[in-house]
Amino acid sequence: MWPKRFNRQTFPASYLLASGLLLALVLWLAFGDMQHFRAEAPDATETAEQPLRVEVSERKRQPYVPQLVAQGQLEAAQEVDLRASTSGFVQEKPVRLGQRVSAGETLLILDNDALPKRLEQARANLALAQAELAGAENLRRRELISQPEYLRLQAELSRSVAEVAELSRQLDDTRPTAPFDGTLDRLDVALGELLQPGEVWGRLIDDRTLTGTAWVSQLQVGRLSDGLPVTARLLGGTTLEGELSHIASRAEEETRSFYIEVTLDNPEHRRLAGGSAEFTVTLPPEQVHTLSPALLTLNAQGNLSVKHLDGNDTVLQTPVTLVSADTERAYVTGLPKSVRLITLGGGLVDVGQQVNAVAVETSPDEEPNDVQGER
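Just so you know, these numbers come straight off a predicted model, no measurement behind them. (Residues numbered from 1 in each chain as written. Predicted model: local features only at pLDDT ≥ 70, side-chain atom pairs only at ≥ 80, totals over all residues. Heavy atoms only, no water.)

Novice: Report on the overall build of the chain, specifying residues and quantitative values.
Specialist: Summing up its helical and strand segments, the chain has five helices and 21 strands in all. A burial count over the chain gives 33% of its 375 residues as buried. In the chain, the share of contacts with a sequence separation of at least 24, taken over all contacts with a separation of at least 6, comes to 75%. Accessible surface, the chain as shown: approximately 24,100 Å² in total, 52% of it carbon and sulfur. (Helix = DSSP H or I, 4+ residues; strand = E, 2+ residues; numbered from the N terminus. Buried < 20%, exposed > 50% of the residue type's maximum accessible area, 1.4 Å probe, protein only. Contact = heavy atoms within 4.5 Å. Areas by Shrake-Rupley, 256 points an atom, 1.4 Å probe, with all protein chains shown as cover.)

Novice: Tell me about the packing of helix H3 (residues 115-141) against helix H4 (residues 147-173), and please be specific about residues and values.
Specialist: Packing of H3 against H4 brings their axes to within 8 Å, and their N-to-C directions diverge by 155°. Classified by the angle between their axes, H3 and H4 sit roughly antiparallel to one another. Of the two elements, H3 crosses H4, and the hand of that crossing is left-handed. When its residues are assigned to classes, the contact of H3 with H4 shows 15 nonpolar, seven polar and seven charged. (Axes fitted to C-alpha atoms, helices over the stretch in contact; angles between N-to-C directions. Parallel < 35°, antiparallel > 145°, perpendicular 65-115°, else oblique. Left-handed = near helix turned anticlockwise from the far one by under 90°. Nonpolar A, V, L, I, M, F, W, Y, C, P; charged D, E, K, R; others polar.)

Novice: Can you break down the pairing of strand S3 (residues 88-92) residue by residue, with the values?
Specialist: Where S3 meets strand S7 (residues 194-195), two bridges bridge the pair, whose relative direction is antiparallel. Paired with Gly 88 across the bridge in S7 is Leu 195. Sheet analysis places S3 next to strand S5 (residues 109-110), joined by two bridges and oriented antiparallel. Across the sheet, the residue bridging to Glu 92 is Ile 109, located in S5. (Pairing = 2+ DSSP bridges.)

Novice: How would you summarise the packing of aromatic side chains if you had to cite specific residues and measurements?
Specialist: The geometry of an aromatic ring pair comes down to the distance between the two centres and the angle between the two planes. Scanning the model with the defined rule gives two aromatic pairs in all. Ring centres of Trp 215 and Tyr 259 lie 5.4 Å apart, and the angle between their planes is 65°; on these two criteria the pair is classed as edge-to-face. Pair noted here: Trp 215 is in strand S8 (residues 200-216) and Tyr 259 is in strand S11 (residues 258-265), with a separation of 44 residues, a long-range link. On the basis of relative accessible area, Trp 215 is assigned to the partly exposed category, the value being 42%. For Arg 140, the ring lying beneath its charged end belongs to Tyr 150, and the centroid distance is 4.4 Å. (Phe/Tyr/Trp six-rings, centres within 6.5 Å; stacked < 30°, edge-to-face > 60°. Lys NZ or Arg CZ within 6 Å of the ring centre and 35° of its normal.)

Novice: How would you summarise the side chain of His 308 if you had to cite specific residues and measurements?
Specialist: Its location among the elements puts His 308 in strand S15 (residues 304-309). Judged by relative accessible area, His 308 falls into the buried class, the value being 5%. Within the structure, the side chain of His 308 is placed 2.7 Å from the side chain of Thr 318, a separation counted as a polar contact. (Polar contact = N/O pair within 3.5 Å; in protein donor to acceptor, adjacent residues only side chain to side chain.)

Novice: I'd like to hear about the nonpolar core, residue by residue, with values.
Specialist: For soluble globular proteins, nonpolar side chains are generally found buried alongside one another. Formed by 25 residues in total, the largest nonpolar core has its most connected members in Leu 74, Val 216, Leu 224, Leu 244, Leu 264 and Phe 279. Secondary-structure elements contributing two or more residues to this core are strand S2 (62-83), S8, strand S9 (229-233), strand S10 (239-247), S11 and strand S12 (276-282). In terms of nonpolar packing, the next biggest core, distinct from the first, is built from 16 residues, Val 90, Val 95, Phe 180 and Leu 187 among them. (Core = buried A, V, L, I, M, F, W, Y, C linked by side-chain atoms within 4.5 Å.)

Novice: For the sheet that holds S3, give the residues involved together with the corresponding values.
Specialist: On the basis of which strands lie adjacent, the open sheet formed by three strands has the order S5-S3-S7 and antiparallel pairing. At either margin of the open sheet sits one strand with a lone partner, and together these are S5 and S7.

Novice: So what about the pattern of salt bridges? Which residues, and what values?
Specialist: As enumerated under the stated definition, the model contains twelve salt bridges in all. Across the salt bridge formed by Arg 169 and Glu 166, the nearest N and O atoms sit 2.7 Å from each other. Remark: Glu 166 and Arg 169 occur in helix H4; sequence separation between them is three residues, near one turn of the helix. One salt bridge in this structure joins Asp 188 and Arg 186, with 2.9 Å as the shortest N-O distance. Note on Asp 188: relative accessible area 40%, which makes it partly exposed. Through salt bridges with shared partners, a single ionic network connects Glu 156, Arg 159 and Glu 163. (Salt bridge = Lys/Arg side-chain N within 4 Å of Asp/Glu carboxyl O.)

Novice: If you had to explain the environment of Thr 314 to someone new, which residues and values would you point to?
Specialist: With respect to the helices and strands, the residue Thr 314 is situated in the loop between S15 and strand S16 (315-319). According to the relative accessible area criterion, Thr 314 is buried, its value standing at 17%. Apart from residues lying up to four places away in sequence, Thr 314 is in contact with His 308, Leu 309, Gly 352, Gln 353 and Gln 354.

Novice: Hey, could you go over unusual backbone geometry for me, with residue numbers and the actual values?
Specialist: Residues other than glycine seldom take positive phi values, yet Arg 256 does so here, at roughly 55°. In this model, Asp 313 sits at a positive phi of 60°, which is unusual for a non-glycine residue. Its location among the elements puts Asp 313 in the loop between S15 and S16. Look at Asp 313 and you get partly exposed, because its relative accessible area is 22%.

Novice: Break down the pairing of S10 for me, with residues and values.
Specialist: One ladder, built from five bridges, connects S9 with S10; its direction is antiparallel. Bridge assignment links Arg 233 to a residue of S10, and that residue is Thr 239. Here S9 hands over to S10 after five residues, with Gly 237 in that stretch at a positive phi of 100°. In terms of strand pairing, S10 meets S11 through five bridges, oriented antiparallel. Within the sheet, the bridge partner assigned to His 246 lies in S11 and is Glu 261.

Novice: Can you tell me about H3, naming the residues and giving the values?
Specialist: Every α-helical turn comprises 3.6 residues, leaving residues that sit three or four positions apart pointing alike. Between the first and last C-alpha of H3 there are 39 Å, a value that for 27 residues agrees with the 39 Å anticipated at 1.5 Å per step. Every buried residue of H3 is accounted for by Leu 115, Leu 119, Ala 122, Leu 126, Ala 129, Leu 133 and Ala 136. Here the buried face of H3 lies against H4. One or two positions beyond H3, positive phi appears at Glu 143, with a value near 55°. (Expected span 1.5 Å × (residues − 1).)

Now the structure itself:
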């Protein structure tokens with residue numbers, strides 16, 4: 001028996017159209033655009049590139065007063081711990097705590113036992129020894145005294161002089177005096193208390209002048225010199241004026257930093273000694289260019305440099321010295337008085353390459369400040 005005859009159905013026209021488009025796409029992907037293939041490379045004239053476009057800004061040197069900022073602390077210009085030079089019981093305290101005193105003023109009185117009487121006796125013995133030696137001088141001129149006896153009298157006089165000096169010193173030690181004008185800042189002793197030699201019983205401070213101490217790095221110390229003006233800013237916001245008075249000649253081995261001292265006037269005797277402060281040293285003025293820190297590069301020798309253009313729009317790279325910098329500005333020296341600074345595209349061009357320069361205006365953020373702090 002023959003199979004039932006197959007009934008052919010007619011396919012829609014949309015199916016045929018889609019199949020044709022799919023076939024054309026496959027052929028195009030397989031063979032590409034054959035008319036663009038060439039057997040030889042194109043001429044160099046056809047591939048010549050136009051000069052790269054960079055943005056430039058005209059910059060001129062500006063006056064600039066750099067500052068160096070260091071953190072430190074304040075100390076009194078003169079400060080001394082008062083120590084007992086002899087033993088004794090405290091008999092009087094003629095000066096109260098916090099009182100201002102003058103140099104030579106008695107600060108404490110210890111009991112002196114029989115020192116005054118002993119000193120009186122020693123002075124009498126000294127007078128006797130002087131008289132005996134004077135008589136011996138007359139006898140010696142007449143050759144009526146032996147040489148050993150004459151020398152004995154001289155030695156007796158010397159012993160009497162030394163005894164008077166020692167007793168006088170001991171008596172002075174029972175009445176310690178102020179070594180300089182200042183304020184009795186500590187008085188750690190009570191009436192009747194026994195002091196031993198070397199024991200600290202008080203502290204004297206002269207805070208009319210303060211000494212500020214701080215440390216600076218090896219890069220900063222070369223720009224400092226004695227006498228530069230300094231402003232000390234305290235935690236409360238108040239300030240003191242002074243000058244740089246000392247710069248260490250050798251760095252500390254541990255930190256490789258240099259110790260500096262600042263002398264500050266404190267005429268009002270404000271209680272500042274021992275506190276912290278921020279010292280701003282005003283350095284000599286310089287002529288600098290101001291630019292964004294992002295424009296600083298390293299040349300082939302590893303030196304800090306800046307890219308700029310000459311009059312023929314050729315790229316130059318000039319080494320510079322960084323005077324100061326913050327997050328927004330860098331202050332450098334070493335560039336010509338007027339320079340066409342590449343502000344955009346500098347990383348895409350090489351030294352000696354000619355470019356297409358497009359001038360742009362200087363951003364207000366890149367205008368120089370008269371004073372800048374360097375920490």
